[in-house]
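Coordinate inspection notes
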Amino acid sequence: ALGERRAKAERMFGLMDGFLKSDPISLQKDILNHVEYTVARSRFSFDDFEAYQGLSHSVRDRLIERWHDTQLYFKRKDPKRVYFLSLEYLMGRSLSNSVINLGIRDEYAEALSQLGFEFEVLAEQEGDAALGNGGLARLSACQMDSLATLDYPAWGYGLRYQYGLFRQLILDGFQHEQPDYWLNFGNPWEIERIHVTYPVKFYGTVEEELLNGKKCKVWIPGEMVEAVAYDNPIPGYGTRNTITLRLWAAKPSDQYDMESYNTGDYINAVVNRQKAETISSVLYPDDRSHQGKELRLKQQYFFVSASIQDIIRRFKDAHNNFDEFQEKVALQLNDTHPSLAISEVMRVLVDEENLDWSRAWGIVCKIFSFTTHTVLAEGLEKIPVDLLGSLLPRHLEIIYDINFNFVEELKKRIGMDYNRLSRMSIVEDGAVKSIRSANLSIVCSHTVNGVSRVHFELLKTKLFKDFYELWPEKFQYKTNGVTQRRWIVVSNPSLCGLISKWLGTEAWIRNVDLLTGLREYAANADLQQEWKMVRKVNKMRLAEYIEAMSGLKVSLDAMFDVQIKRIHEYKRQLLNILGIIHRYDCIKSMNESDRRKVVPRVCIIGGKAAPGYEIAKKIIKLCHAVAEKINNDSDVGDLLKLVFIPDYNVSVAELVIPGADLSQHISTAGHEASGTGCMKFLMNGSLLLATADGSTVEIIEEIGAENLFLFGAKVDEVPMLREKGTDMRVNLQFARVVRMIRDGYFGFQDYFESLCDTVDGGSDFYLLGSDFGSYLEAQAAADKAFVDQEKWTRMSILSTAGSGRFSSDRTIQDYAENTWGIERCRCPF
Ligand code: KOT
């Protein structure tokens, strides 16, 4: 039989004509064939978008080839796999990233140019896949790239939302949200698996039955929907390995037909079926706030249930009992959003696979690891018990049982300390009785990870202090990282070429530690010259974008000063704007000779506000109001410009980051768990102006405090300063700029009142007032450094040279070795 199978395989391979070829002629044939037969446009007449479609389908074919090989190889080797569960992924565009990771970008560029197309122009046709909000979601995407590149046997699981993160439209300076129906033009990067489907149950009741003399629980659901898999191949760089990001879409279930079919109301029955699809229809646009909404809980369970069924099915294909489950499966919870996976695994093992509770519990405790991305207790997820009990009655029972056992254990360990027992309980007995997802995740995971060292310290001493004291060995941290493939190679090709030239190798793309090799040339005049040229070209690209978008012309001699990230009070975009008002005010009062000494600036701010977050929306409006005033003041001219970049997303970041001279990461100390934007800027040689918060503390250790502009209160000073409050009689500069807004200098006086109230008087929770002085000093230091272009360029080179530790490759390797216990499994060429 083996011989027969081999003969068949060889014949197939012969018919295929071997693997797809990547010489220009083969690529051109493939692209044209896809234009003609897949896109169904004549090869003699098609536009840029159709060319992009043909192109991406030809890339997709090459991805699929490697993906099949990798999956077969994993199946044959049956290594321990990690399953990364995340409700959000911010993948951005796929075309450039794919051809670069496949190592055939230049071949495609040449093939296209012979057809009369330009690769970059076609790449611009692609829209972003924005199935996430911010840092947490982009981190998942970077980590998928590293998992594939480092040859780890990994799967990502998530939801295939039909509407991604809303598009931000700015009208009269106000944010408006528009739906992002991103699948409208098709998505060549996914493969629909109509046969990979699972039923997912909701509502109903739990009954007790006797099975072979044993009591067992049976969940009789009240509703059922179908989960359909959509696979997104994720290619590694410099390896054949291509792993899977499997996203689930909800479809009406065929197994579970609506009652109303029999009542004769056929039309309504069909219409009702369609409602199943709402489960995966829309991404919740709130960054870090949970509202206890039923649809959100349904999304979480839908995704978890389909993923767990898929994982158990794959395990059972190769094993006939659960003895080895923990040796083959690692489940990673990306924050608490997928934490229902814990009770789901318990339910499947106990109710469906008939394992004893204690055996199932033994397995669960060995397979889950949990990473938290939060700093504040208020940010922790809670599920109202009433809601959970109605949607998932059996899960509520299981969580109660887990909690009962846990609390009994705890009493033995710590005695009857009721305050502590009630703080640590998974069930919160408040006005609204709820399940604390974080407590559940900590109790049931073998490892709890923070995302930076500062974050880890806060977890141990504040957020999870009780748990840390109970189980110190569970707690670790893995400082976040970003992938240099996306954030240098794809987004900054000229810098990429320059780095490779000076290091004499491209090996840093897989081994980023090599970047430190740039240090020895930091003062080299030739490198400095080339470095400046590359930066100038990137600034030019950004300036063109700004002009096309807003009509504003900006000077390339100015310092490009960028703050792009979600709009949040703790991230303090308002501090940035107040600093800009101060700068404007100073320039206005200067004489001619002082003005000549001013370092011209282009201040760039971008980011989305959650639709219900009023204060964040006011910050956006303020930014526009201030820009309107400054940009139209001919008295100020090129000395100061302010631009708001609308609809910030991954592909906008790829354009903006390489063009930044300076970037701001200015959260109130102790509020940013890690921050990853700063790492992207650092890699691209932008200097940082930052507070000692999250990962910046570790960045300082890598590049030295003399190579960035640090300011503001430290984590341990914050409580005291908060207590003290901002005294407007002392902080005169601060008081003056807030007053200008209050007095209507930028218009919209009434509208901005509540915004001003958040920072003046006794209420300055995020300490804008007390940090304002040192913020201005750091800004002045940046101006001074910018005047000395040689010094600035050296600092810039040293930033890139010191960014290696902030690659997600390092983070992922640490997770693999110290949390998941998985090994590399490299598909042979
Ligand atoms: C969202 C909802 C609940 C809990 C946490 C979040 C969250 C946290 N969303 N994004 N984050 C960010 O995650 C990044 C990756 O770890 C961090 O760098 C950043 O500091 C977090 O704010």
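Remember, predicted model here, so these are calculated numbers, not experimental data.

1. A closer look at the overall build of the protein
Within the protein one finds 33 helices and 24 strands. Against the globule reference of 28 Å for 829 residues, the protein gives a C-alpha radius of gyration of 28 Å, in line with a compact fold. Overall size of the protein, expressed as C-alpha extent along the three principal axes, is 95 × 75 × 60 Å. Buried positions account for 60% of the 829 residues belonging to the protein. Taking contacts inside the protein between residues at least 6 apart in sequence as the whole, the part at least 24 apart equals 77%. Counting only carbon and sulfur atoms, one obtains 51% of the accessible surface of the protein, whose full area is about 33,300 Å². Across the protein, the mean location of the 99 positive side-chain charges is 2 Å away from that of the 114 negative side-chain charges.

2. A look at the site of the ligand
For the ligand, the set of nearby residues contains 17 residues, the closest of which are Arg288, His373, Asn480, Glu672 and Gly675. In this structure, an oxygen atom belonging to the ligand sits 2.7 Å away from a side-chain N or O atom of Glu672. Between the ligand and Gly675 there is a distance of 2.7 Å, counted from an oxygen atom to a backbone nitrogen or oxygen. Protein burial of the ligand: of its 480 Å² of free accessible surface, 93% is covered by the chains. For the shell around the ligand, the residue count by class is five nonpolar, eight polar and four charged.

3. Quick word on the pattern of salt bridges
A complete count under the given rule lists 63 salt bridges for this structure. With its nearest N and O atoms 3.7 Å apart, the salt bridge here joins Lys328 to Asp78. Taken together, the positions of Lys328 in helix 10 (residues 325-328) and Asp78 in the loop between helix 3 (48-77) and strand 1 (81-85) put the pair 250 residues apart, joining distant regions of the chain. According to the relative accessible area criterion, Lys328 is buried, its value standing at 17%.

4. Some words on the sheet that holds strand 16 (residues 434-436)
Reading across the sheet, the three strands line up as 14-16-15 and stay open at both edges, with antiparallel pairing between neighbours. At either end of the open sheet lies a strand with only one pairing partner, and these are strand 14 (382-384) and strand 15 (427-428). As judged from the two bridges shared by strand 15 and strand 16, these two strands associate in the antiparallel manner. When the sheet's bridge partners are listed, Val427 is paired in strand 16 with Ile435. The sheet strands contacting helix 16 (residues 437-444) are strand 14 and strand 16, and the helix crosses strand 16 at an angle near 45°.

5. Notes on the nonpolar core
Phe202, Trp248, Phe302 and Leu331 are the most contacted members of the largest nonpolar core, which totals 174 residues. Looking at which element gives the most residues to this core, the answer is helix 9 (residues 294-318), with ten residues. Here Phe302 is in contact with Leu159, Val200, Phe202, Val225, Glu226, Ala227, Trp248, Ala249, Ala250 and Ile279, once residues within four sequence places are set aside. In terms of nonpolar packing, the next biggest core, distinct from the first, is built from 62 residues, Leu689, Cys756, Tyr766 and Ala782 among them.

6. Some details on the environment of His57
Here His57 shows up in helix 3. Taking the C-alpha atoms as reference points, His57 and Tyr613, 556 residues apart in sequence, are found 40 Å from one another. For His57, the residues in contact, after removing those within four places along its chain, are His34, Thr38 and Pro188.

7. Observations concerning the state of the cysteines
Counted according to the given criterion, the structure contains zero disulfides. In this structure Cys603 is not part of a disulfide, and its nearest cysteine sulfur, from Cys623, lies 9.1 Å away. Residue classification places Cys603 among the buried positions, given a relative accessible area of 3%.

8. Observations regarding the packing of aromatic side chains
Following the criterion strictly, the structure yields 32 aromatic pairs and no others. On the numbers, 5.4 Å between centres and 20° between planes, the contact of Phe46 with Phe117 is stacked. Of this pair, Phe46 sits in the loop between helix 2 (24-38) and helix 3 while Phe117 sits in the loop between helix 5 (105-115) and helix 6 (119-123), and the two are 71 residues apart along the sequence. On the basis of relative accessibility, which here comes to 16%, the residue Phe117 falls in the buried class. Measuring from centroid to centroid gives 5.8 Å for Phe406 and Trp471, while their planes differ by 40°, and the two rings are tilted. Of this pair, Phe406 sits in helix 14 (residues 393-414) while Trp471 sits in the loop between helix 18 (465-470) and strand 18 (475-477), and the two are 65 residues apart along the sequence. For the pair formed by Phe406 and Trp471, the shared burial category is buried. Through pairs of rings, three or more aromatic residues link up here, namely Tyr83, Trp155, Tyr157, Tyr198 and Trp248. Over the ring of Trp471 we find Lys474; its NZ or CZ atom is 3.8 Å from the centre of that ring.

9. Brief notes about unusual backbone geometry
For Asp647, which is not glycine, the phi torsion reads 55° and is therefore positive. For Asp647, the location among the structural elements is in the loop between strand 21 (640-645) and helix 25 (650-656). Phi is positive for Leu767, close to 60°, though the residue is something other than glycine. Checked against the element boundaries, Leu767 lands in the loop between helix 30 (749-757) and helix 31 (768-787).

10. Here we look at the confidence of the model for the protein
For the protein, per-residue confidence averages 96 on the pLDDT scale, and 99% of positions sit at 70 or higher. This complex was scored by the predictor with a pTM of 0.97 and an ipTM of 0.98.

11. Concerning a nonpolar patch on the surface
Among the surface-exposed residues, Phe13, Met16 and Phe19 lie close enough to one another that they form a single nonpolar patch of about 280 Å² accessible area. Following the sequence through the fold, Met16 ends up in helix 1 (residues 2-16). Judged by relative accessible area, which is 45%, Met16 ranks as partly exposed.

12. Thoughts on the pairing of strand 9 (residues 214-220)
Strand direction decides the pairing type here: strand 8 (residues 205-211) and strand 9, joined by seven bridges, are antiparallel. Bridged to Val206 within strand 9 is Trp219. Where strand 8 hands over to strand 9, the hairpin turn is made up of two residues, of which Asn212 adopts a positive phi near 50°.

13. Here we look at the packing of helix 29 (residues 732-742) against helix 30
Close contact between helix 29 and helix 30 brings their axes to 8 Å; oriented N to C, the two are set at 150°. Considered as vectors, helix 29 and helix 30 are oriented roughly antiparallel to each other. In this structure, helix 29 contributes Val738, Ile741 and Arg742 to the contact, and helix 30 contributes Gln749, Phe752, Glu753, Cys756 and Asp757. Residues of the contact of helix 29 with helix 30, tallied by class, amount to four nonpolar, one polar and three charged.

14. A short note on the sheet that holds strand 22 (residues 662-665)
Strand pairing in a sheet is mediated by backbone hydrogen bonds. Such pairs are either parallel or antiparallel. In space, the six strands of this open sheet follow the order 21-20-19-22-23-24, with parallel pairing throughout. The strands lining the two open edges of the sheet, one partner per strand, are strand 21 and strand 24 (709-711). In this sheet, neighbouring strand axes are inclined to one another by 20° on average, regardless of whether the strands run parallel or antiparallel. Pairing geometry for strand 22 and strand 23 (residues 687-691), over four bridges, is parallel. Each residue of the ladder has a partner; that of Leu662, found in strand 23, is Leu687.

The rules behind the values
Residues numbered from 1 in each chain as written. Predicted model: local features only at pLDDT ≥ 70, side-chain atom pairs only at ≥ 80, totals over all residues. Heavy atoms only, no water. Helix = DSSP H or I, 4+ residues; strand = E, 2+ residues; numbered from the N terminus. Rg over C-alpha atoms; globule rule 2.2 N^0.38 Å. Buried < 20%, exposed > 50% of the residue type's maximum accessible area, 1.4 Å probe, protein only. Contact = heavy atoms within 4.5 Å. Areas by Shrake-Rupley, 256 points an atom, 1.4 Å probe, with all protein chains shown as cover. Lys, Arg positive; Asp, Glu negative; His and termini not counted. Charge placed at Lys NZ, Arg CZ, Asp CG, Glu CD. Near = heavy atom within 4 Å. Polar contact = N/O pair within 3.5 Å; in protein donor to acceptor, adjacent residues only side chain to side chain. Nonpolar A, V, L, I, M, F, W, Y, C, P; charged D, E, K, R; others polar. Salt bridge = Lys/Arg side-chain N within 4 Å of Asp/Glu carboxyl O. Pairing = 2+ DSSP bridges. Axes fitted to C-alpha atoms, helices over the stretch in contact; angles between N-to-C directions. Core = buried A, V, L, I, M, F, W, Y, C linked by side-chain atoms within 4.5 Å. Disulfide = S-S within 2.5 Å. Phe/Tyr/Trp six-rings, centres within 6.5 Å; stacked < 30°, edge-to-face > 60°. Lys NZ or Arg CZ within 6 Å of the ring centre and 35° of its normal. pLDDT = per-residue confidence, 0-100. Patch = residues over 30% accessible without salt bridge, like charges linked within 9 Å, V, L, I, M, F, W, Y side chains within 5 Å. Parallel < 35°, antiparallel > 145°, perpendicular 65-115°, else oblique.

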